[in-house]
Amino acid sequence: MSNPARLAILGASGHGKVVADIALQSGWEEVCFYDDAYPGLDMVEQWPVAGTFESLLRDLAGFDGVTVAIGNNRVRDERLETLLEHGGNLATLIHPRAIVSPFATVAPGCVVVAGAVINAYALVARGCIINTAATVGHDCRLACGVHVACGANLAGGVSVGRFTWVGVGAAVRQGMCLGEGVMIGANAAVVRDVEDGATMVGVPARPMRRKSSV
Ligand SMILES: CC(C)(COP(=O)(O)OP(=O)(O)OC[C@H]1O[C@@H](n2cnc3c(N)ncnc32)[C@H](O)[C@@H]1OP(=O)(O)O)[C@@H](O)C(=O)NCCC(=O)NCCS
């Protein structure tokens, strides 16, 4: 079955461009952005920005699917929830050159970028981003709004709490549990469970006081 025609994307960001590209490469025929920077922002590259989040809620019936391309994990999930409440059909966007096991589950509202691999019996909940060349091992459990950044690797059976970031190039040992709202720094190696809200950096990863967000 081919994808339906029109996709609305909330969030006219750099990530939004990646999402538009994936949509068009995976069978969607037309994409249209919405962003609260409208009307100051009315185009993203060649794609139109048609209105704000409020206007998207009114326009939803004119789209076959909708997704959110906002980097902030909590905000992305909140917007997806609101879109669902308004009857939006959340798209699942998987780049044609990502590898997703037929025995894995990737929920609506997720984006899986080129080169990513999701292995058998992994469960990826709503609104996760599995970014370029990231890997999610067998039996991993990712809660809503997780972002596994470019080139990060989760070994088998890793559990990741809501809104957690796994930074670029990080590695997480098999069976580890990462709590909610965790930040794993770029290139960290996680070899112990991580408590909610912690920021971890280094090899092996150790707690760091957060000074700012990414
Ligand atoms: C961990 C992280 C969130 C910290 O950000 P921050 O709070 O702004 O921290 P700062 O840049 O102020 O750095 C604070 C200290 O930690 C060190 N540090 C920061 N990130 C580090 C990392 N990944 N590994 C090791 N040390 C790190 C800095 O060198 C600095 O050390 P200093 O105080 O001795 O100078 C961030 O550096 C990071 O790694 N983000 C991941 C980025 C990413 O993957 N983005 C994905 C985009 S798709």
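Up top you'll find the structure we're talking about.
The following refers to the structure shown. Owing to the predicted nature of the structure, the values given are computational and were not obtained by experimental measurement.

Another point: the overall build of the chain. When you go through the chain residue by residue, the secondary structure sums to three helices and 24 strands. Relative to the 2.2 N^0.38 estimate, which gives 17 Å for 214 residues, the radius of gyration of the chain is 17 Å and therefore close to what a compact globule would have. Among the 214 residues that make up the chain, the fraction classed as buried is 47%. Working note: accessible area of the chain is about 9700 Å², and carbon and sulfur atoms make up 53% of it. Averaging the locations of the 16 positively and 19 negatively charged side chains of the chain gives two centres separated by 11 Å.

What follows deals with the side chain of Asp35. By the element assignment, Asp35 lies in the loop between strand S2 (30–34) and strand S3 (43–44). It is Arg79 that comes nearest to the buried, bridge-free Asp35 among opposite-charge side chains, at 9.6 Å. In this structure the side chain of Asp35 is engaged in a polar contact, spanning 2.7 Å, whose partner is the backbone nitrogen of Ala12. Not counting the four nearest positions on each side in its chain, Asp35 is found in contact with Leu10, Gly11, Ala12, Leu41, Val49, Gly51 and Thr52.

In this section: the side chain of His95. Mapped onto the secondary structure, His95 falls in the loop between strand S6 (93–94) and strand S7 (99–100). Here Arg97 takes part through its backbone nitrogen, which lies 2.8 Å from a polar atom of the side chain of His95. His95 has contacts with Ile22, Gln25, Val112, Val113 and Ala114, leaving out every residue within four places of it along the chain.

With that settled, consider the pairing of strand S1 (residues 6–10). Within S1, four of the five residues are buried, which leaves it mostly tucked inside the rest of the structure. Where S1 and S2 come together, five bridges link them in parallel fashion. Note on S2: the bridge partner recorded for Leu7 is Val31. Crossover S1 to S2 through helix H1 (residues 14–25) is right-handed. Sheet analysis places S1 next to strand S5 (residues 65–68), joined by four bridges and oriented parallel. What sits directly across from Ile9, in S5, is Thr67.

To continue, consider the packing of aromatic side chains. Under the defined criterion, the tally for this structure stands at three aromatic pairs. Ring centres of Phe33 and Trp47 lie 6.2 Å apart, and the angle between their planes is 50°; this geometry places the pair in the tilted category. Taken together, the residues Phe33 in strand S2 and Trp47 in strand S4 (residues 47–51) connect sequence positions 14 residues apart. Arranged with centres 5.7 Å apart and planes meeting at 20°, the rings of Phe103 and Tyr121 form a pair that is stacked.

Cut-offs applied
- Residues numbered from 1 in each chain as written.
- Predicted model: local features only at pLDDT ≥ 70, side-chain atom pairs only at ≥ 80, totals over all residues.
- Heavy atoms only, no water.
- Helix = DSSP H or I, 4+ residues; strand = E, 2+ residues; numbered from the N terminus.
- Rg over C-alpha atoms; globule rule 2.2 N^0.38 Å.
- Buried < 20%, exposed > 50% of the residue type's maximum accessible area, 1.4 Å probe, protein only.
- Areas by Shrake-Rupley, 256 points an atom, 1.4 Å probe, with all protein chains shown as cover.
- Lys, Arg positive; Asp, Glu negative; His and termini not counted.
- Charge placed at Lys NZ, Arg CZ, Asp CG, Glu CD.
- Salt bridge = Lys/Arg side-chain N within 4 Å of Asp/Glu carboxyl O.
- Polar contact = N/O pair within 3.5 Å; in protein donor to acceptor, adjacent residues only side chain to side chain.
- Contact = heavy atoms within 4.5 Å.
- Pairing = 2+ DSSP bridges.
- Right-handed = clockwise from strand over helix to strand, strands pointing away.
- Phe/Tyr/Trp six-rings, centres within 6.5 Å; stacked < 30°, edge-to-face > 60°.

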